[in-house]
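Remarks on the overall topology
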Amino acid sequence: MDAASLKLLAELNCAVIQFRGLYAAWAKRHGISYNEMLVYYTIRDQGYCTQKQLCDSYLLPRQTINHVMLDLRARGLLALSPDHCTGREKAFVLTPRGREYAAPLLASLDKIEEQAIQRFGGQRMHEMAQTLLDYDSALQSAMEQDQ
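1. Some remarks on the nonpolar core
Counting residues in each nonpolar core, the largest one holds 27 residues, and the members touching the most others are M37, V39, Y40 and L78. Looking at this core, the elements with two or more residues in it are α1 (3-29), α2 (34-46), α3 (51-58), α4 (62-74), β3 (91-94) and α5 (96-120). No other element matches α2, which puts seven residues into this core. Once residues lying within four places of it in the same chain are set aside, the contact partners of V39 are C49, L54, V68, L72 and L78.

In structure tokens form, the structure reads like this:
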């Protein structure tokens, strides 16, 4: 690989790590873990979540997500949702206490994200997301050919 390609990959990887690091730092400032934030974020967006969904979406180990969800259940913030369970896959929703706890956290994060989108530009944000998805597809294809 040439030096220019190596530099591009290093820049991209650093940007992704910094992006996730900003969310992790925000979570820590608010007294929650990054992974706990992902549970709230997913439930807010989807209405519920499963362990498999979280593991697949965020590429996290099942044991990590299981630990977070057990903790949230023990704290009375998360409950099983029979309405959303399919087969052996258990789905969870926020309890009333969980909604009360998560709402101000998510409102704070929403405000920050909205400010960032306004500063960055909605069109640029869309283009960046599409570009990353296109690169993900190209990388996956290249990795499949390597098998």
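2. Some details on the sheet that holds β3
Judged by pairing direction, the sheet is antiparallel, and its three strands sit side by side in the order β1-β3-β2 without closing on themselves. Looking at the sheet topology across the chains shown, the edges are occupied by β1 (49-50) and β2 (78-80). Two strands pair when backbone bridges link them, and β1 and β3 are joined in this way by two bridges, in the antiparallel orientation. From the neighbouring strand, C49 faces β3, where its bridge partner is F92.

Reading guide: rules and limits
- Residues numbered from 1 in each chain as written.
- Predicted model: local features only at pLDDT ≥ 70, side-chain atom pairs only at ≥ 80, totals over all residues.
- Heavy atoms only, no water.
- Core = buried A, V, L, I, M, F, W, Y, C linked by side-chain atoms within 4.5 Å.
- Buried < 20%, exposed > 50% of the residue type's maximum accessible area, 1.4 Å probe, protein only.
- Helix = DSSP H or I, 4+ residues; strand = E, 2+ residues; numbered from the N terminus.
- Contact = heavy atoms within 4.5 Å.
- Pairing = 2+ DSSP bridges.

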